[in-house]
Amino acid sequence: MFMITSIIRHELRQAMNNPKIWYFLATTQAMLAILFKWLLTNFLKTKSIIQTTHYGITEEVIHPFYGWFALLMLILLPMIATQAFCAEKQRGTMINYYCSPITGLQLLLAKFLSLNILIFIAIVISSLMPITILISGSLDWGQFTAVILGVYLMLSAALATSLGFSIFMHNTLRSNAVIFLALTIFVMLEWAAQYTAGHAMFLQTFGLLSPLKTFLAGILSIRHIAYYMLVIISFLLLGAWRYSRRWNNA
């Protein structure tokens, strides 16, 4: 347990000292601020024109806001995951883990938890804008909580996938490309499912974004929570297996 907490602290310090992450987060927040203002303005304009029953501000503003936030974070994840393993291999610091009394699963878990904290911080910072809707008292807390949970689980599953692929790579550029391609395939599964006729529903369940739509609708689905947890566990175990093989050959 001490080794895991030490690695988590080390990874957090490295991430905090990486200017590229801060630049990307700042750019992401600026883009989200513009998007939030546009969504809110468009909602208020539509509400003033249409006096009949219309979707609430949670459906019209919160859902698309977090949908775009999730897509932007998916672009950041390959860079973060690459720094977790490939950068250390190029610097020659991975040997420190091979010489330490830590298992592959403990190492993957420590890396995953440390980067997961960064994802949580990014979600909290991005949520400051939607929370301002509380001033009007029209925010649906049930749907808002479901949206936050869905985005967090989806990004956690994407992070675990990225780490699972990253540990196989040695070159940062190649790792970035492979991880981005893998995440793109996961995202595009839902689009490809519409061309598979009777297998569409089955194929959609394996897409990263398809279960997220259920959370965006304010529904807490046990099946989709279990799916995201299964993806996280599977890729962490895959990375641990690869680490163990590399350690045995070292």
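Details of the structure are given in the entry above.
About the cut-offs
- Residues numbered from 1 in each chain as written.
- Predicted model: local features only at pLDDT ≥ 70, side-chain atom pairs only at ≥ 80, totals over all residues.
- Heavy atoms only, no water.
- Helix = DSSP H or I, 4+ residues; strand = E, 2+ residues; numbered from the N terminus.
- Buried < 20%, exposed > 50% of the residue type's maximum accessible area, 1.4 Å probe, protein only.
- Contact = heavy atoms within 4.5 Å.
- Areas by Shrake-Rupley, 256 points an atom, 1.4 Å probe, with all protein chains shown as cover.
- Patch = residues over 30% accessible without salt bridge, like charges linked within 9 Å, V, L, I, M, F, W, Y side chains within 5 Å.
- Salt bridge = Lys/Arg side-chain N within 4 Å of Asp/Glu carboxyl O.
- Phe/Tyr/Trp six-rings, centres within 6.5 Å; stacked < 30°, edge-to-face > 60°.
- Core = buried A, V, L, I, M, F, W, Y, C linked by side-chain atoms within 4.5 Å.
- Axes fitted to C-alpha atoms, helices over the stretch in contact; angles between N-to-C directions.
- Parallel < 35°, antiparallel > 145°, perpendicular 65-115°, else oblique.
- Left-handed = near helix turned anticlockwise from the far one by under 90°.
- Nonpolar A, V, L, I, M, F, W, Y, C, P; charged D, E, K, R; others polar.

## Focus on the overall build of the chain
- From N to C terminus, the chain includes eleven helices and zero strands.
- Put simply, the chain runs from its N terminus to its C terminus through helices and strands in the order α-α-α-α-α-α-α-α-α-α-α.
- Out of the 250 residues in the chain, the part that is buried amounts to 46%.
- The long-range fraction of contacts in the chain, counting pairs at least 24 apart against all pairs at least 6 apart in sequence, stands at 76%.
- Element-wise, carbon and sulfur atoms account for 71% of the exposed surface of the chain, whose accessible area totals about 13,100 Å².

## Some points on a nonpolar patch on the surface
- A surface patch of nonpolar side chains, about 710 Å² in accessible area, is lined by Met16, Trp22, Ile117, Phe120, Ile121, Val124, Ile125 and Leu128.
- Among the elements that take part in the nonpolar patch, helix α5 (residues 104-126) stands out by supplying five residues, more than any other.
- Relative to the helices and strands, Ile125 resides in helix α5.

## Focus on the environment of Ala226
- Note on placement: Ala226 falls in helix α11 (residues 222-249).
- On a C-alpha basis, the gap between Ala226 and Leu153 in space is 10.0 Å, while along the polypeptide they are 73 residues apart.

## Some remarks on the packing of aromatic side chains
- Evaluation of the coordinates by the stated rule reveals nine aromatic pairs.
- Between Phe65 and Tyr66, the ring centres sit 5.2 Å apart and the planes meet at 90 degrees, which makes this aromatic pair edge-to-face.
- The buried category is assigned to Tyr66, whose relative accessible area is 0%.
- Taking 5.8 Å as the distance between ring centres and 40 degrees as the angle between the ring planes, the aromatic pair formed by Phe165 and Phe235 counts as tilted. Taken together, the positions of Phe165 in helix α7 (residues 141-166) and Phe235 in helix α11 put the pair 70 residues apart, joining distant regions of the chain.
- Assessed through its relative accessible area of 13%, Phe235 is described here as buried.
- Each residue in the set Phe36, Phe65, Tyr66, Phe69 and Phe144 is aromatic and connected to the rest through ring pairs, giving one cluster.

## Things to note about the side chain of Ser166
- Within the secondary structure layout, Ser166 lies in helix α7.
- According to the relative accessible area criterion, Ser166 is buried, its value standing at 0%.

## Concerning the nonpolar core
- The biggest cluster of nonpolar side chains holds 71 residues, and the ones touching the most others in it are Tyr66, Phe69, Met154, Leu155, Leu163 and Tyr228.
- Here this core gets 16 residues from one element, more than from any other, and that element is helix α3 (residues 57-91).
- Leaving out residues up to four positions away in the same chain, Leu155 has contacts with Phe69, Ala70, Met73, Leu74, Leu77, Ile119 and Ile123.

## Re the side chain of Lys111
- Along the chain, the position of Lys111 falls in helix α5.
- In this structure, Lys111 is in contact with Glu11, Ala84, Phe85, Glu88, Tyr97 and Leu163, ignoring residues within four places of it in sequence.

## Looking at the packing of α7 against helix α10 (residues 209-216)
- Put simply, α7 and α10 touch, their axes get as near as 7 Å, and they point 165 degrees apart. Put simply, α7 runs roughly antiparallel to α10. Along this stretch, α7 crosses α10, giving a crossing that reads as right-handed. Here α7 contributes Gln143, Ala146, Val147, Leu149, Gly150, Val151, Leu153 and Met154 to the contact with α10, which in turn contributes Leu209, Leu212, Phe215 and Leu216.
- Tallied by class, residues from the contact of α7 with α10 come to ten nonpolar, two polar and no charged.

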